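Spelled out from the first residue to the last, the chains are:
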Amino acid sequence: MKSVPFLDIHAGYVELRKEIDDAISSVLNGGSYILGDEVRRFELGWAEYCDVGYCLGVGNGYDALYLALLAAGVGEGDEVLVPSNTFIATWMAVHSVGATIVPVEPDPRTHVIDAGAVAPLISRRTRAIIPVHLYGHPVDLDPIRELAQNRSIVIIEDAAQAHGAKYRGSRIGGDSDMVAWSFYPGKNLGAFGDAGAVTTNSQEYASKLEYLRNYGSVAKYSSVFPGVNSRLDEVQAAVLSVKLRCLDDWNSRRAFVAENYTNVIQESATSGSVKKSSPRNLDASVKITSWPTVATWAESAWHLYVVRTTNRLGLAEFFHSAGISTGIHYPIPPHRQEAFKAFASRSLPIADELSRSVVSLPIGPHLSKGQMARVSEALAAIPIET
Ligand SMILES: *Cc1c(COP(=O)(O)O)cnc(C)c1O
């Protein structure tokens, strides 16, 4: 039997082959390849989808964060609050503008930060907070916004995993000072290469970003301040416009899979002791200790479906023997990375604990019903211990 891949990105192309091929070939024939009509069309489409005033296409998700920090004037001497458990890009962007990284421990149940953990870390130097909607689950933003108000603290959301997620009924992307997006191929909305964007309602930030992404130029060969090259190209923008039409459908397929897994786990959790004996290839120490919950304010984009376990190697081996690929997001927290040695002595026990125990199950929009059933069957055999 063919194994169940963790994520089948190619299947997204196969589903839309004709439209994508046409869109790409029309760009190639059009003769304009960077920051042209297709980029503008996607920017308008993404702004409309997020219900926000402005969208600026950039080279990738890291650049979106980096340029948003630059546009906000964050730099040396400033402190920026970031989650202790996130993809390394969030930390790197802060590092790159010369600001000081202040790690915030997440709520171990939702894996995202909350105002309670943010408040005690705010100082006179705090200039920005970067909430990350990790795994597609929105952060509770309102209480964090309340903390930021009147303190001239900028909120830049890292929404790289949250395309289409909703916070209190509104799509992520429209309500903070700036929201950074990645369209890396594996994201819920993914290009066939690198791509990113920043959305904002501020005309001032929008025009700064427009300059910053293109050498600080207001017009060709006229730079008003130092910028970078982080331009979105026409091919990626055209692909993104095609895929955007499927985003809601693909996200609802993800939600369907998530609901299925959660039902299986909850059923095991309640039937508890009457459980049939464990399969032979499942180590007795393997238990699932937590699974995703969705907060009352949240509609998740289900970028990832992450459970925690007592024995990750054992769990991965069991899935592997059932022909199912799993992932780990993320195995090494930023403060344990060689790149951030200076943070090695920080006590961030929640990030450490999560990095040791998390496992991601296959949840892509192109997971077939049969594949989902195979994952569910394997999942049903694993004891739950909360
Ligand atoms: C993917 C991702 C990024 C970076 O995006 P790239 O396009 O790969 O640079 C940033 N933050 C988070 C949370 C991500 O998942």
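Conventions and cut-offs
Note on numbering: residues in each chain are counted from 1, in written sequence order. Under the rules for a predicted model, residues below a pLDDT of 70 receive no local features and side-chain atom pairs below 80 are neither given nor counted, while totals for whole chains, interfaces and linings still include all residues. Note that water and hydrogens are dropped before the side-chain values are worked out from all heavy atoms of the structure. Any carboxyl oxygen of Asp or Glu that lies within 4 Å of a side-chain nitrogen of Lys or Arg is treated as forming a salt bridge with it. Only protein chains enter the accessibility calculation, which uses a 1.4 Å probe. A residue is then buried if its area is under 20% of the maximum for its type, exposed if over 50%, and partly exposed in between. Labels follow the DSSP assignment, with helices taken as runs of H or I lasting at least four residues and strands as runs of E lasting at least two, numbered in each case from the N terminus. Whether a residue is near a molecule or strand depends on its heavy atoms: if one lies within 4 Å, it is near. Polar contact is defined as a pair of N or O atoms within 3.5 Å, subject to the rule that within protein one atom must be able to donate a hydrogen and the other to accept it, and that residues adjacent in sequence are counted only when both atoms are side-chain atoms. Per-residue accessibility takes into account occlusion by the displayed protein chains alone, with areas from the Shrake-Rupley method and a 1.4 Å probe. Only Asp, Glu, Lys and Arg are considered charged, only Ala, Val, Leu, Ile, Met, Phe, Trp, Tyr, Cys and Pro nonpolar, and every remaining residue, Gly among them, polar. Any two residues whose heavy atoms approach within 4.5 Å at even a single point are treated as in contact. For a helix, the expected span equals 1.5 Å multiplied by the number of residues minus one. Think of the arc as the fan of directions from the helix axis to the C-beta atoms. Two rings from Phe, Tyr or Trp (for Trp, the six-membered ring) form a pair when their centres are within 6.5 Å of each other. A pair whose planes differ by under 30 degrees is stacked, one over 60 is edge-to-face, and the rest are tilted. Strands pair, by our definition, only if DSSP identifies at least two bridges between them. Think of each axis as a best-fit line through the C-alpha atoms, taken over the contacting stretch in the case of a helix, with angles from 0 to 180 degrees between the N-to-C directions.

A few points about the pattern of salt bridges
It is possible for side chains of opposite charge to pair when their charged atoms get near one another. Using the criterion set out here, one finds 19 salt bridges in the structure. A salt bridge links D107 to R109; its shortest N-O distance comes to 2.9 Å. With relative accessibility at 63%, the residue R109 sits in the exposed group. In this structure, the salt-bridge partner of E353 is R308, at a minimum N-O distance of 3.8 Å. In this pair, E353 sits in helix α12 (residues 349-357) while R308 sits in strand β14 (residues 305-309), placing the two residues 45 residues apart along the sequence.

Observations regarding the site of the ligand
Taken together, the neighbourhood of the ligand is formed by 14 residues, with G61, D158, Q161, S182 and K187 sitting nearest. G61 places a main-chain nitrogen or oxygen 2.7 Å from an oxygen atom of the ligand. Within the side chain of K187, a nitrogen or oxygen atom sits 2.7 Å from an oxygen atom of the ligand. When the ligand is considered free in solution it has 380 Å² of accessible area, and contact with the protein chains removes 92% of it. Contributions of two or more residues to the shell around the ligand are made by α4 (61-71) and α5 (88-96). Counted by class, the shell around the ligand contains seven nonpolar, five polar and two charged residues.

Examining the side chain of D78
Following the sequence through the fold, D78 ends up in the loop between α4 and β2 (79-83). Those residues within four positions of D78 in sequence are excluded, and the remaining contacts are G73, A99, T100, R125 and R127.

Regarding helix α2 (residues 17-30)
Over its 14 residues, α2 runs 20 Å from end to end, which matches the ideal 20 Å to within 8%, given 1.5 Å per residue. Residues of α2 that are buried: I20, A23 and V27. One side of α2 holds all its buried residues, which, seen down the axis, span an arc of 65°. Exposed residues pointing more than 90 degrees away from the buried face of α2 are listed as K18 and N29. Those residues of α2 that are buried are in contact with α1 (10-15), α3 (37-50) and α9 (234-244). Phi turns positive one or two residues past the end of α2, at G31, with a value near 85°.

Here we look at the packing of aromatic side chains
In this structure the tally under the stated criterion is 15 aromatic pairs. Aromatic pair Y13 and F192: ring centres 5.9 Å apart, planes at 90°, arrangement edge-to-face. Remark: F192 occurs in the loop between β8 (178-182) and β9 (196-200) and Y13 occurs in helix α1; sequence separation between them is 179 residues. Judged by relative accessible area, F192 falls into the partly exposed class, the value being 34%. Ring geometry for Y211 and F225: centres 5.8 Å apart, planes at 65°, overall edge-to-face. Of this pair, Y211 sits in helix α8 (residues 203-212) while F225 sits in the loop between β11 (222-223) and α9; the two residues are 14 residues apart in sequence, bridging distant segments of the chain. Taken together, the ring pairs in this structure connect F42, W46, Y49, W181 and F183 into an aromatic cluster.

Quick notes on the sheet that holds β9
Whether parallel or antiparallel, the strands of a sheet pair through hydrogen bonds between backbone atoms. One open sheet holds the seven strands; their spatial order is β1-β9-β8-β5-β4-β2-β3, and the pairing between them is mixed. Of all strands in the sheet, those with a lone pairing partner are β1 (54-58) and β3 (100-104), marking the two edges. Across the sheet, the axes of successive neighbouring strands diverge by a mean angle of 25°, strand direction being ignored. The pairing of β2 with β3 spans five bridges and is parallel. Following the sheet pairing, V82 is matched in β3 by P103. Contacts from α4 reach β1, β2, β4 (126-129), β5 (154-158), β8 and β9 within the one sheet, and its direction differs from that of β8 by about 160°.

Remarks on unusual backbone geometry
Along the chain, H329 connects to Y330 via a cis peptide bond; the corresponding omega equals 10°. Topologically, Y330 is positioned in the loop between α11 (312-321) and α12. We note that H111 has phi near 70°; this positive angle belongs to a residue other than glycine. Given the relative accessible area of 5%, H111 is considered buried. At Y215, a position not held by glycine, the phi torsion is positive, near 60°. Note that Y215 resides in the loop between α8 and β10 (217-219).

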